[in-house]
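The chain contents come next:
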Amino acid sequence: MCGIVGYFGYRDAAPLLIEGLSKLEYRGYDSAGVAVLNDKGIDVSKCKGRLANLEARLESKPIEGHIGIGHTRWATHGEPSDVNSHPHCDCDITISVVHNGIIENYMKLREWLTSKGYEFLSETDTEVIPNLIDFYYEGNLLEAVMKSVSMMEGSYAIGVVCSKEPDKLVAVRKDSPLIVGLGEKESFIASDIPAVLNHTRDIYLLEDKEFVVLSSQGVNIFDEHGEELHKEIYKVTWNADAAEKGGYEDFMLKEIHEQPKAIKDTMTSRVISKEEISLDKITITKEYLDNVDRIYVVACGTAYHAGLVGKYAIEKLAKLQVEVDVASEFRYRDPIITDRTLIIVVSQSGETADTLAVLREGKKKGARVLAITNVVGSSVSREAHDVLYTWAGPEIAVASTKAYVTQLIAFYIVALRFAELKNTISQEELELLKEELYRLPALAQETLKHQDVLQRFAYNTYTEKDMYFLGRGMDYAVSLEGSLKLKEISYIHSDAYAGGELKHGPIALIEKGTVVIALVTQNTLLDKMVSNIKEVVTRGAKVMAITLEGNDDIEKTADSVLYLPKIHELLTPVLAVIPLQLLAYYMAKQKGCDVDKPRNLAKSVTVE
Ligand code: F6R
């Protein structure tokens, strides 16, 4: 979730770029930079860390010019560092590029360009872009950009300047946001509207594969065939604060709605039909897995709940036994760890103290540590032997939502790869699961449509003091996550129980009017869950069941039923958690809680 800003006009570009980038800080970033065109060519200033570091650099070494591009980077390919920061230039620094997104085929492009004599300084995917543009440059920047993007696979919003055409700024997008701001004798590009709102409220909202040229002639937009387009101006009527949240009331709601994209991004390049599952640079082999004595999944909070689903997936598909533990317990229970042990640590932030302690202790005792994390360059990502990133983008709300679903996807990818290596899955089953994974982004989108029903449910129940979640199998793991979400942001006491445990104690809590959310997505356990629902209904509970389409019989037992789209039984947690997140969100809103910053909680727990 990098931020892009570009300026073309008569004013000093650098301060305007910094100001624009500061309005995009909410997107999260770990480094920043600007490139400005002037008589000498292209001046670049960039560094790791906060925007303030870049400002200090620019103060001590100002760069002048009226055309420029700026960037805040959220690391994906290559750790946060000065050299990996954007803008990136071609070898002779005539072309400079800022980029938001992921170029999936960058390795192939990089090899190809290397064979043509190009050299690369950074580890980023982005650095191929200025070099590709240079390769195609024959005196027309727009044409060179068009040819270059036709070679690129993946998602991108890019801004380009070229010292050979010092009167131009070219930009294009595909699957990454980009807007154009129209000022008086000046224009802007940006990833998001807040970056330009101090200067203009007249905006062009670019569509995929639309190319824009900012020049002294004004703003011209072209389609991918070079035909000029005439777009309507969008007049912004709302304030910058609302825009940062993309029009959503809170970051949490925005992040819940970003889940279909986050799921897709996390699968991208790892699950490709007819090809082996890719675990990026992880080199775990069949021999290694045959020799493994135990697998631990260790994490905290929501990441731990993702690990519980991961256990099901790995055991079911790869037939490897997995033990899941919370990091703060694991580290003090003297667990058995040998040099044949695999520890999978899961952490959105990559900085959680207990998880990090497990990683370090595990390594000391000879274990191999595989990290599933969302933050490139985080301590966990740097210290683990292997890393599988979740591409959720920065998560700002304290309550984890999109990171959780991408952690689930990461576990499915690991489980499928292990199964492939160990030959514990048939080709048909593998292809079926891949197809089902591909369906998830669209089905997650469909599941979000339940928000009105859940808002109404919250309106009717938000005064409850307690609420219970029930499930069996993977549904139990998801119930735990639903219960955590509810308590952490709405402060309503809640617990989750495995259906079979009811009779062993918890059923004593059920009385007339107790609200119970029952998850019933595991068809093999359906009858047993229906019996559990009957048990609590008989004692006066009001039950909302969440099940898959087609299980209409549940309506005979539960008070209300919410249907999820049909999907392979193993993948239901990705969909089932969405209504639970929305339920927690609307309960908290009804109660007037600060949804994004719940009391007593911090986004990253870096102390014990
Ligand atoms: C709950 C939540 C926390 C985190 C936990 C671990 O919504 O966000 O329970 O999951 O603090 O954090 P990470 O994943 O950063 O290690």
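Residues numbered from 1 in each chain as written. Predicted model: local features only at pLDDT ≥ 70, side-chain atom pairs only at ≥ 80, totals over all residues. Heavy atoms only, no water.

For the rest of this paragraph, the subject is the side chain of H71. Within the secondary structure, H71 is located in strand β4 (residues 67–73). For H71, the side chain forms a polar contact with the side chain of H86, separated by 3.3 Å. With residues near it in sequence (within four places) discarded, H71 still touches C2, G3, I4, L21, S31, A32, G33, H86, V98, H99 and N100. (Helix = DSSP H or I, 4+ residues; strand = E, 2+ residues; numbered from the N terminus. Polar contact = N/O pair within 3.5 Å; in protein donor to acceptor, adjacent residues only side chain to side chain. Contact = heavy atoms within 4.5 Å.)

Attention now goes to unusual backbone geometry. Along the chain, H86 connects to P87 via a cis peptide bond; the corresponding omega equals 0°. Structurally, the position occupied by P87 is in the loop between β4 and β5 (88–89). Residues other than glycine seldom take positive phi values, yet S269 does so here, at roughly 70°. Within the secondary structure, S269 sits in the loop between α8 (259–267) and α9 (286–291). Of the residues examined, S269 reaches a relative accessible area of 34% and is grouped as partly exposed. In this structure, N423 is a non-glycine residue whose phi angle is positive, near 60°. Relative to the helices and strands, N423 is located in the loop between α14 (402–422) and α15 (427–447). On the basis of relative accessibility, which here comes to 63%, the residue N423 falls in the exposed class. (Buried < 20%, exposed > 50% of the residue type's maximum accessible area, 1.4 Å probe, protein only.)

Formed by 125 residues in total, the largest nonpolar core has its most connected members in I314, Y412 and F418. Examining the composition of this core, we find that 14 residues originate from one element, α14, more than from any other. Apart from residues no more than four positions distant in its own chain, Y412 is found in contact with V309, A313, L437, M474, L570, L571, P573 and V574. Counting residues in hydrophobic clusters, the runner-up holds 30 residues, among them V128, L132, M152 and V170. (Core = buried A, V, L, I, M, F, W, Y, C linked by side-chain atoms within 4.5 Å.)

Once that is clear, we can look at the pairing of strand β12 (residues 211–215). β12 sits mainly inside the fold: five of its five residues count as buried. Because side chains alternate across β12, one face comprises the buried residues F211, V213 and S215, and the other comprises V212 and L214, equally buried. Of the pairings in the sheet, the one linking strand β8 (residues 168–174) to β12 comprises five bridges and is antiparallel in character. Across the sheet, residue V172 finds its bridge partner in β12, namely F211. Both β12 and strand β13 (residues 218–222) contribute to a ladder of five bridges, which runs antiparallel. Within β13, the position partnered with L214 by the bridge is V219. A loop of two residues connects β12 with β13, the two strands running antiparallel in sequence. (Pairing = 2+ DSSP bridges.)

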